[in-house]
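Given next are the chains, with one letter for each unit.
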Amino acid sequence: MWHRCETPFAKPAGLAYLQRMVAPLDPGSDLPIAGVPQDADPARPYPVMDWSPTRCGHSAMRIDAQGRWFHEEREIRRPELVSLFARLLRREPDGRHVLVTPVEMLDIEVEDAPLFAVEMASEGDGQARTLRFRIGATGQWVTADGAHPLGMEENAAGPRPALGLEAGLRARLIRPVYYALADLAIAEGHDPLGLWSGGVFHALETTA
């Protein structure tokens with residue numbers, strides 16, 4: 001359910017957040033976004049599409065083109081924090097990326113893709129093939145299918161494949177995964193170049 005944030009809100013970041021970088025992670029407090037649900041299962045996606053907070057602002061966070069996360073220009077090096085924030089991501093209809101909880105929605109700057117597929121598993125071949133990709137920030141495995149299509153996108157390095165995800169997001173395939181995917185496609189020799197997965201053909205070349 002898409003919505004418009006009604007009440008501008010900007011929480012000043014403070015020393016507490018930086019202290020959390022070296023303390024045990026407690027999602028319930030001292031994070032740059034309020035209202036993070038307590039959750040014992042870090043692999044479970046949050047229902048970000050169901051949340052409609054009215055307070056909004058900016059998170060003072062960004063994701064660079066290599067997939068590194070920063071808060072106030074300090075790199076976030078704790079995998080637990082990156083995983084938590086990645087599960088709060090959503091893309092708005094106007095293209096903005098936001099972190100969202102039931103309480104707040106905060107903009108986050110994204111230089112290229114917000115997430116990256118860092119590992120691939122392939123089972124079967126031809127139309128019976130299933131391709132699964134592990135998303136680095138969350139550790140979740142996603143199957144390429146009709147709801148999660150593979151497609152080519154332009155970026156600074158030229159056309160590269162990306163995987164569609166929930167909440168309007170996409171994951172860029174890192175180079176080794178891209179090469180492994182291309183090897184499979186070349187071996188099967190479809191025209192246009194591509195692979196089947198999840199009962200759907202995913203084209204892996206741009207059209208003129």
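**What to know about the overall build of the protein**
Logical step 1: A count of helical and extended segments in the protein gives three helices and 15 strands.
Logical step 2: Long-range pairs, those at least 24 residues apart, make up 55% of the contacts in the protein between residues at least 6 apart in sequence.
Logical step 3: Summing over all exposed atoms, the protein offers an accessible surface of approximately 10,400 Å²; the carbon and sulfur share of this is 53%.

**Some details on the sheet that holds strand β9 (residues 130-135)**
Logical step 1: A sheet is described by the order of its strands in space; here six strands give the open sequence β10-β9-β8-β13-β12-β11, paired in mixed fashion. At either margin of the open sheet sits one strand with a lone partner, and together these are β10 (141-143) and β11 (150-153). Here the strands of the sheet are splayed against their neighbours by 40° on average, with no regard to which way each runs.
Logical step 2: Against the sheet, helix α3 (residues 175-188) makes contact with β8 (115-123), β9, β11, β12 (160-164) and β13 (170-173), and its axis sits at roughly 35° relative to β8, the strand it touches most.

**Thoughts on the confidence of the model for the protein**
Logical step 1: Looking at the protein as a whole, its pLDDT mean stands at 85, while 82% of the residues score no less than 70.
Logical step 2: Per-residue pLDDT, averaged within each element of the protein, yields its smallest value for helix α1 (residues 15-20) (41) and its largest for β9 (98).
Logical step 3: Confidence drops under pLDDT 50 across residues 8-25; counting only partners more than four residues distant or on other chains, this segment forms 40 contacts.

**A word on the nonpolar core**
Burial of nonpolar side chains together is a common tendency in soluble globular proteins.
Logical step 1: Core analysis: the biggest nonpolar cluster contains 43 residues, and W69, F85, L99, L115, F133 and L150 have the highest contact counts within it.
Logical step 2: The set of elements that each furnish at least two residues to this core consists of β2 (55-63), α2 (79-86), β6 (97-100), β7 (104-110), β8, β9, β13 and α3.
Logical step 3: With five residues, the top contributor of residues to this core is α2.
Logical step 4: Excluding residues within four positions of it along the chain, L150 makes contact with L131, F133, A144, A162, L163, L173, L181, H202, A203 and L204.

**Some remarks on the packing of aromatic side chains**
Logical step 1: Within this structure, the stated rule accounts for four aromatic pairs.
Logical step 2: Where Y46 meets W51, the ring centres are 5.9 Å apart and the plane angle is 45°; that geometry is what we call tilted. Neither Y46 nor W51 differs from the other in exposure class; each is buried.
Logical step 3: Look at W69 and F85: their rings are 6.4 Å apart centre to centre, the planes differ by 20°, and that puts the pair in the stacked class. With a gap of 16 residues between them, W69 in strand β3 (residues 69-71) and F85 in helix α2 connect regions that are remote in the sequence.
Logical step 4: The exposure class of F85 is buried, given its relative accessible area of 0%.
Logical step 5: When the ring centre of F70 is taken as origin, the NZ or CZ atom of R62, which lies over that ring, is 4.3 Å away.

About the cut-offs
Residues numbered from 1 in each chain as written. Predicted model: local features only at pLDDT ≥ 70, side-chain atom pairs only at ≥ 80, totals over all residues. Heavy atoms only, no water. Helix = DSSP H or I, 4+ residues; strand = E, 2+ residues; numbered from the N terminus. Contact = heavy atoms within 4.5 Å. Areas by Shrake-Rupley, 256 points an atom, 1.4 Å probe, with all protein chains shown as cover. Pairing = 2+ DSSP bridges. Axes fitted to C-alpha atoms, helices over the stretch in contact; angles between N-to-C directions. pLDDT = per-residue confidence, 0-100. Core = buried A, V, L, I, M, F, W, Y, C linked by side-chain atoms within 4.5 Å. Buried < 20%, exposed > 50% of the residue type's maximum accessible area, 1.4 Å probe, protein only. Phe/Tyr/Trp six-rings, centres within 6.5 Å; stacked < 30°, edge-to-face > 60°. Lys NZ or Arg CZ within 6 Å of the ring centre and 35° of its normal.

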